[in-house]
Amino acid sequence: MSQYKGAIFDLDGTLLDSMWIWDQIDIEFLAKRGIQEVPKDYQETIATFGAEKTAVYTIERFGLKDKPEDLVREWLDMAHDYYANHLQLKEYVYEYLCFLHEKKVPMAVATSSDIALVKPCLERTGLLPLLDTVLTVRDIGRGKQFPDIYLEAAKRLDCVPEECLVFEDVLEAATTAKNAGFPVVGVAENRCPQASAELLKQQADHYIESFRELPERHLF
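As a convention, each chain's residues are numbered from 1 in the sequence order in which they are written. Where local features are concerned, this predicted model is filtered to residues with pLDDT of at least 70; where side-chain atom pairs are given and counted, the filter is 80 or more; whole-chain, interface and lining totals use all residues. With hydrogens and water stripped out, all remaining heavy atoms of the structure feed into the side-chain values.

Draft legend 1. Here's a closer look at the pattern of salt bridges. One side-chain nitrogen of Lys or Arg within 4 Å of one carboxyl oxygen of Asp or Glu is enough to make a salt bridge. One pass over the full model with this rule turns up 19 salt bridges. Lys32 serves as the salt-bridge partner of Glu74, at 2.7 Å between the closest nitrogen and oxygen. A residue pair is termed long-range when its members are at least 10 positions apart, and Glu74 in helix α4 (residues 68–86) and Lys32 in the loop between α1 (19–31) and α2 (42–46) qualify at 42 residues. Each residue gets one of three labels from its accessible area relative to the maximum for its type: buried under 20%, exposed over 50%, partly exposed in between, using a 1.4 Å probe on protein chains only. The exposure class assigned to Glu74 is buried, which follows from its relative accessible area of 17%. Secondary structure elements follow DSSP: runs of H or I no shorter than four residues count as helices, runs of E no shorter than two count as strands, and numbering proceeds from the N terminus.

Set out below in structure tokens:
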């Protein structure tokens, strides 16, 4: 018997092998401003933020004179070509979402990335036609440190949290979803700090190294 009725997927690091490009963008962006090393806690701190909040935090953290909207535009310009033309899905993601689509499981993407990056990438990789809705934290107005994006996604899928599975690779985002009543699949991401990965394994209802593991678990 199916355990769940709907699925909400994070994008970066969960469906898409994209975390490395944000590492590179951070290095290049800060280097242009004379900061030669990205602080170890920087990316972990901003992991659940949307672009606007990340920009405000970055300006305050490094004492920059830039305006938040200028930073967001710069980051989007740096990332656009990668998302539109180069980044690839993680192993077996397309096949698994096709599997769920054939079973008529409603699916959403809930992401902290900007729609200008997300939509071309979803179109190119073939995921967009499989999804019922795509939500960004900009649509909601708050980042993934709050459950709003998951609650809205579940509503659009006509599911209550308890029957809607959230797939996340970031501990903080998974914790938010879990505290809001969603069952969680933790997804391995090789750039995740080991301590965070271990906590995600402990907290998640299910944990996978690859989407290849999922069909035999009969979650849907």
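Draft legend 2. Seen up close, helix α3 (residues 51–62). To estimate how far a helix should reach, multiply one less than its number of residues by 1.5 Å. The terminal C-alpha atoms of α3, which comprises twelve residues, lie 16 Å apart, in line with the 16 Å expected from a rise of 1.5 Å per residue. Looking only at α3, the buried set comprises Thr54, Ala55, Thr58, Ile59 and Phe62. What you see down the axis of α3 is that its buried residues fit within an arc of 130 degrees, all on one side. Contacts are assigned to residue pairs that have any heavy atoms within 4.5 Å of one another. Buried residues belonging to α3 abut α1, α2 and α4. The positive-phi residue at the C-terminal boundary of α3 is Gly63, with phi of around 65 degrees. As used here, the arc belongs to the directions running from the helix axis to the C-beta atoms.

Draft legend 3. The arrangement of the sheet that holds strand β4 (residues 164–168) in detail. Each pair of strands is called paired provided DSSP finds at least two bridges between the two strands. One open sheet accounts for six strands, arranged β3-β2-β1-β4-β5-β6; its pairing is parallel. The sheet is open, and its two borders are formed by β3 (133–136) and β6 (206–208), each paired with just one other strand. Taking each pair of neighbouring strands and ignoring which way they run, the sheet shows an average axis angle of 20 degrees. Taken together, the four bridges between strand β1 (residues 6–9) and β4 define a ladder with parallel strand orientation. Directly across from Ala7, in β4, lies its bridge partner Leu165. In the packing of helix α8 (residues 148–156) onto the sheet, the strands contacted are β1, β2 (107–111), β3 and β4, and the crossing angle to β3 comes to about 165 degrees. Lines fitted to C-alpha atoms define the axes here, with helix axes fitted over just the stretch in contact, and angles between the N-to-C directions of these axes take values from 0 to 180 degrees.

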